[in-house]
Each structure stands twice: as structure tokens, then as C-alpha cells.
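The primary structure of each chain is shown beneath.
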Amino acid sequence: MTQATPPAPFDRRAAYLIILLFGLVSLFGDIIYEGARSVTGPYLFALGGSALVVGIVAGLGEFLGYALRLVSGRLADATRRYWTFTFLGYGMLIAVPLLALAGSWEVAALLFILERIGKGIRAPAKDAILSNVTAGIGRGWGFGIHEALDQIGAVIGPVILSTAFFLRGDYRVGFALLLIPFAMMMLALTLTRSRAPAPAAIETATRPAPQAPPTRALVPYGIFTALTMAGFVAFPLVAYHFATTGIVPGAQIPLYYAVAMGVDAVVALAAGRAYDRVGLSVLAAVPVIGIAVPFLAFSLSSLWALAGAALWGASMGIQETVMRAAIADYTHISKRALAYGIFNTIYGAGWFLGSVVLGWAYEISIPVVIGFAAGAQILALPVFFQAKQMMEAGRR
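Attention here is on the structure that accompanies the text. (Residues numbered from 1 in each chain as written. Predicted model: local features only at pLDDT ≥ 70, side-chain atom pairs only at ≥ 80, totals over all residues. Heavy atoms only, no water.)

### A closer look at the side chain of H146
With respect to the element layout, H146 can be found in helix α6 (residues 139-168). At 2.8 Å, the side chain of H146 forms a polar contact with the side chain of S26. With near-sequence residues (within four places) excluded, H146 lies in contact with I19, F22, G23, S26, K126, L130 and R324. (Helix = DSSP H or I, 4+ residues; strand = E, 2+ residues; numbered from the N terminus. Polar contact = N/O pair within 3.5 Å; in protein donor to acceptor, adjacent residues only side chain to side chain. Contact = heavy atoms within 4.5 Å.)

This is the structure we're talking about:
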């Protein structure tokens, strides 16, 4: 009887190289879409959009971007064409440079939403690839490195938009300049694929993964995700507040977002390393930080607003690192992209519904905004501890 060929030995240096290359892809991608995200509220406002429009566009974009992950994740697992979905999704970032041609808030809104749809197509496949590559070096650390590089781009993008606004008085030139990182991103993605054409083989070369917990153990984790995201204020609404109250000059609004992304990068590394050492407990910081954000971000002080932006970035750093790493650690490799799709759909649905409510609440009064956002985070805390207990028990 023919014996099965043993897997190739795990190469840590090769894994780190792939993570760094994928990080460059995300760096260029974030220059593009985080640059756009930093001015979504002010740009729609300049084109005639209201606070409710901003809330709906931000929420609907996030919802579609996450809801589509359920479909794209299932298809990626079924076809095993993870790279195809990754390339298609990144290609749709061309919608951002096209914002330079938008002549109405309706056209701009469509392009903002198309960009989010592209992320929905690529994200489960991209995260599945990363979960394969990071298996042998510590998923929290691997995702943390990727997120840190990702957020370097998220700092550069808003700076480009801020500089364009300062020099020209609008954001159109900044959007047009984003064609350059778009070309560099697609080149880096091609190089990354050449280094890891079969990423699942990298994970199978490491030690066998622990047994995944029963599916029912993940239910409270999904409820926790929905609650904490419902109370997590989307940055476009925060930026809208900055613009309409005048507490932050228009040219500086993208810089506040850049600060948030810089904090995100630093926190991602720390949170990733902490997750590898202490596990899910790190996620408790997300609702705790989320309670403080609306009190600071919706103040009438530019200093408190800056603190709110920084905490907003800290929360994102934990979410983008620990939530992604945990899903990989608690699901089987054969259904990894689908798992990302399911939980990201829950994540996006919670954020969408919360964003619509918060956009509506902003037009009534800021205390209502703060009360809803903080209340959702308070409710999320006990659910998190139940989820942690069930998930960890299922792994024993």
C-alpha cells in the first residue's frame, strides 16, 4: 500500500515573508480605502448629504461589505479559489479614485458602497489565507503584524486627502492620486500569490490544530459581536460631527483619522501578542473602550475629540487582530472562510443597524447618541464572558 507523502517542513522565515508581503498589499489597499473613509462624512456633506444619509451610507456599506462575506466565504471554501476572490475584491478598490468624478452625493454614495462590496468579496478568502500562514508563528502575532502594516497605509491615506484639501480646497485631487497606490497594490498582490500559491499546505506543515468547539459554543460570541458593533460609532458620523460643529477644521479631519489608524497599528501588535499568551480575555477591552468613545468623540472640544479618535483606533486594533485570530483558532480549516463570512456578516449587520440608529439619533440629540452607544456596550460585556467560558470549555 502506498504511503501518504508527509507534509513539507514548516518554514518560519517563509511564513513571515508572506505575512509581510500580504501586509504590503493591505498597506496600499488601506491608503486607498481608509483615505476615502476618513472623509466620507465631510465629502457627502459637501455634496448635499444629511447626517441621516451619512449614517445610512456608512452603515449600508459596512453591512453589504460584511453580509457578502457569508456568500463569498462559502464559495471560497467550496471552490478553494481563495486567490481568485482576493484579486477580485481588491480590484474593486478602483471605485475610490473614481470618487474624483462624482458630481452628486448619490454617485459618491454608490462608489463608497461599491468599495465596501469589494471588501466583502475578498475578506473571507484573504483571512483564510492569512490564518493558514500564521498558524505556525502564533495567529495573534501574525494577524497583529499584518494589521500594523495595514494601518500604516491607513495613516498615509488620510494624510494624502488632508494635504489635497489643504492645497486645493477639496478632496478630488486626493482621490485621483490614489490611482498610484492602486497599481502598486495589485503588483504586490501578484507577488504575494507567487510566494504562496497553496496556502493551506503551510498550515498542514505545522502541528495539528486543537479540536474546534461545538457550534453552539459560538452562538454567544456572535451575540457579543452584534451588540458591541451596534454600539460602535462609525467614524464617518464622528467626522460629520467634527465638520458640522466646526470643532475640527476640514483639512484636519483626515488627520484625526490618521491618528486613530496609528493607534490601531500599535494596539494591534500588543493585542495580538497578548491574545497568544492569555487568549480571549483580551476582547473584553472592546466594549470597555466602546463605552468611552462616544462621550469623547461627540464633545465640543477638539482635544477630547482627538482622545475619542485615538480610543476609536485602539478598539479597531483589537477587533481586527483578536477577533480574526480567534475565529481561526476556534474553527476547522476546511470551513475557515465560511466561518469568517458568518461572523463578519453578524459584525456588519450589528454595525449597520447601529449606524442607522446613531445617524437618526444624532439629528435628535447627542445625549441620545451617547446613551445608545454606551448602553449597547454595557449589554455586550456579560455576553462576552459567557461566550468566553463556553468557547474555552469546548476546546478542553
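### As for the nonpolar core
Counting residues in each nonpolar core, the largest one holds 119 residues, and the members touching the most others are L99, F175, Y221, F242, L283, W312 and W351. The contacts of L283, once residues within four sequence positions are left out, are Y221, F224, I318, V322, M323 and F384. (Core = buried A, V, L, I, M, F, W, Y, C linked by side-chain atoms within 4.5 Å. Buried < 20%, exposed > 50% of the residue type's maximum accessible area, 1.4 Å probe, protein only.)

### With respect to the environment of S302
Tracing the backbone through its elements, the reader meets S302 in helix α14 (residues 302-329). For S302, a relative accessible area of 34% puts it in the partly exposed group. When the C-alpha positions of S302 and A349 are compared, they lie 31 Å apart, and in sequence the two are 47 residues distant. If sequence neighbours within four positions are ignored, S302 has contacts with I247 and Y256.

### Some thoughts on the pattern of salt bridges
Applying the stated criterion across every chain, the model contains 3 salt bridges. Here R116 makes a salt bridge to E115, at a shortest N to O gap of 2.8 Å. Of the two residues examined, R116 and E115, each falls in the buried class. When salt bridges that share partners are traced, they join D127, E147 and R324 into one network. (Salt bridge = Lys/Arg side-chain N within 4 Å of Asp/Glu carboxyl O.)

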